[in-house]
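These are the residues of each chain, in order.
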Amino acid sequence: MWDLKQLQEDPSVGVSGAPSENNIMQWNTVIFGPEGTPFGDVYADGSICLDILQNPWSPTYDVFSILTSIQSLLDEPNPNSPASSQAAQLHQENKREYEKRVSAVVEQSWNDSR
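Residues numbered from 1 in each chain as written. Predicted model: local features only at pLDDT ≥ 70, side-chain atom pairs only at ≥ 80, totals over all residues. Heavy atoms only, no water.

Naming follows an unreviewed UniProt entry, where the chain appears as UBC core domain-containing protein of Canis lupus familiaris.

Below, the structure is given as structure tokens:
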């Protein structure tokens, strides 16, 4: 409940979430990418590669810190630990094309989620 209260008190950070109706351990979230990045809209697929999600759970991680960590990853992807090796290679070799493709995927995921 503390996590939910924290998210409700500061909606301006671009992340929101709440537990599902049937299971308080399962959350539905929306993360808006930082403006000026290819993720400047909702990415509905949810596929990510983030260290804190790979490690065993720790009470130092609250929902807010996880969501804002994911949001930060959207602005500064780590090509050394990619979820997609093709995307990482494109990011390093042709950032403009990378951003173009990411924007297309984001737009498509937004359309699919409606």
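> Help me understand the overall build of the chain in this model?
On a plain count of helices and strands, the chain comes out with five helices and two strands. Starting at the N terminus and ending at the C terminus, the chain contains elements arranged as α-β-β-α-α-α-α. By residue count, 27% of the 114 residues in the chain fall in the buried class. Of the roughly 8100 Å² that the chain leaves accessible, carbon and sulfur atoms contribute 48%. (Helix = DSSP H or I, 4+ residues; strand = E, 2+ residues; numbered from the N terminus. Buried < 20%, exposed > 50% of the residue type's maximum accessible area, 1.4 Å probe, protein only. Areas by Shrake-Rupley, 256 points an atom, 1.4 Å probe, with all protein chains shown as cover.)

> Honestly, the pattern of salt bridges in this entry has me stumped. Any pointers?
A side chain of one charge can pair with a side chain of the opposite charge when the charged atoms of the two come close. All chains considered together, the criterion is met by one salt bridge. The closest approach of N and O atoms between Arg-101 and Glu-97, which form a salt bridge, is 3.0 Å. Of this pair, Arg-101 and Glu-97 both sit in helix H5 (residues 95–112), four residues apart, roughly one helical turn. (Salt bridge = Lys/Arg side-chain N within 4 Å of Asp/Glu carboxyl O.)

> Just checking my understanding: could you explain the packing of helix H1 (residues 2–9) against helix H3 (residues 63–75) for this structure?
Packed helix pairs are specified by the crossing angle of their axes together with the interaxial distance, meaning the distance between the axes. Direction vectors running N to C along H1 and H3 enclose 50°, while the axes themselves pass 8 Å from each other. In terms of axis orientation, H1 runs oblique to H3. In this structure, H1 uses Asp-3, Gln-6 and Leu-7 to contact H3, whose residues at the interface are Val-63, Phe-64 and Leu-67. (Axes fitted to C-alpha atoms, helices over the stretch in contact; angles between N-to-C directions. Parallel < 35°, antiparallel > 145°, perpendicular 65-115°, else oblique. Contact = heavy atoms within 4.5 Å.)

> Help me out: how do you make sense of the nonpolar core in this one?
Formed by Leu-7, Val-15, Ile-31, Leu-50, Ile-52, Val-63, Phe-64, Ile-66, Leu-67, Ile-70, Leu-73 and Leu-74, the largest nonpolar core amounts to twelve residues. Ranked by the residues each element gives to this core, the list is headed by H3, at seven residues. (Core = buried A, V, L, I, M, F, W, Y, C linked by side-chain atoms within 4.5 Å.)

> Just checking my understanding: could you explain the packing of helix H4 (residues 85–93) against H5 for this structure?
At a minimum axis separation of 6 Å, H4 and H5 run at an interaxial angle of 135°. With respect to their mutual orientation, H4 and H5 come out oblique. Of the residues in H5, those touching H4 at Ala-87, Leu-90, His-91 and Glu-93 are Lys-95, Glu-97, Tyr-98 and Arg-101. Tallied by class, residues from the contact of H4 with H5 come to three nonpolar, one polar and four charged. (Nonpolar A, V, L, I, M, F, W, Y, C, P; charged D, E, K, R; others polar.)

> I keep staring at H3 and nothing clicks. Help me out?
Structurally, the α-helix is built with 3.6 residues per turn, so residues lying three or four positions apart point the same way. For H3, built from 13 residues, the straight-helix expectation of 18 Å at 1.5 Å per residue is met to within 8% by its first-to-last C-alpha distance of 19 Å. Those residues of H3 not exposed but buried are Val-63, Phe-64, Ile-66, Leu-67, Ile-70, Gln-71, Leu-73 and Leu-74. Contact partners of the buried residues in H3: H1, strand S1 (15–19), strand S2 (27–31) and helix H2 (51–54). (Expected span 1.5 Å × (residues − 1).)

> What exactly am I supposed to notice about H4 here?
Every buried residue of H4 is listed here: Ala-88, Leu-90 and His-91. Down the axis of H4, the buried side of the element spans an arc of 165°, and every buried residue falls inside it. Within H4, the exposed residues directed more than 90 degrees away from the buried face are Ser-85, Gln-86, Gln-92 and Glu-93. (Arc of directions from axis to C-beta.)

> Help me understand the environment of Val-30, please; the structure alone is not making it clear to me.
Relative to the elements of secondary structure, Val-30 occurs in strand S2. The exposure class of Val-30 is partly exposed, given its relative accessible area of 28%. Through-space distance from the C-alpha of Val-30 to that of Leu-67 is 8.7 Å; in sequence the pair is 37 residues apart.

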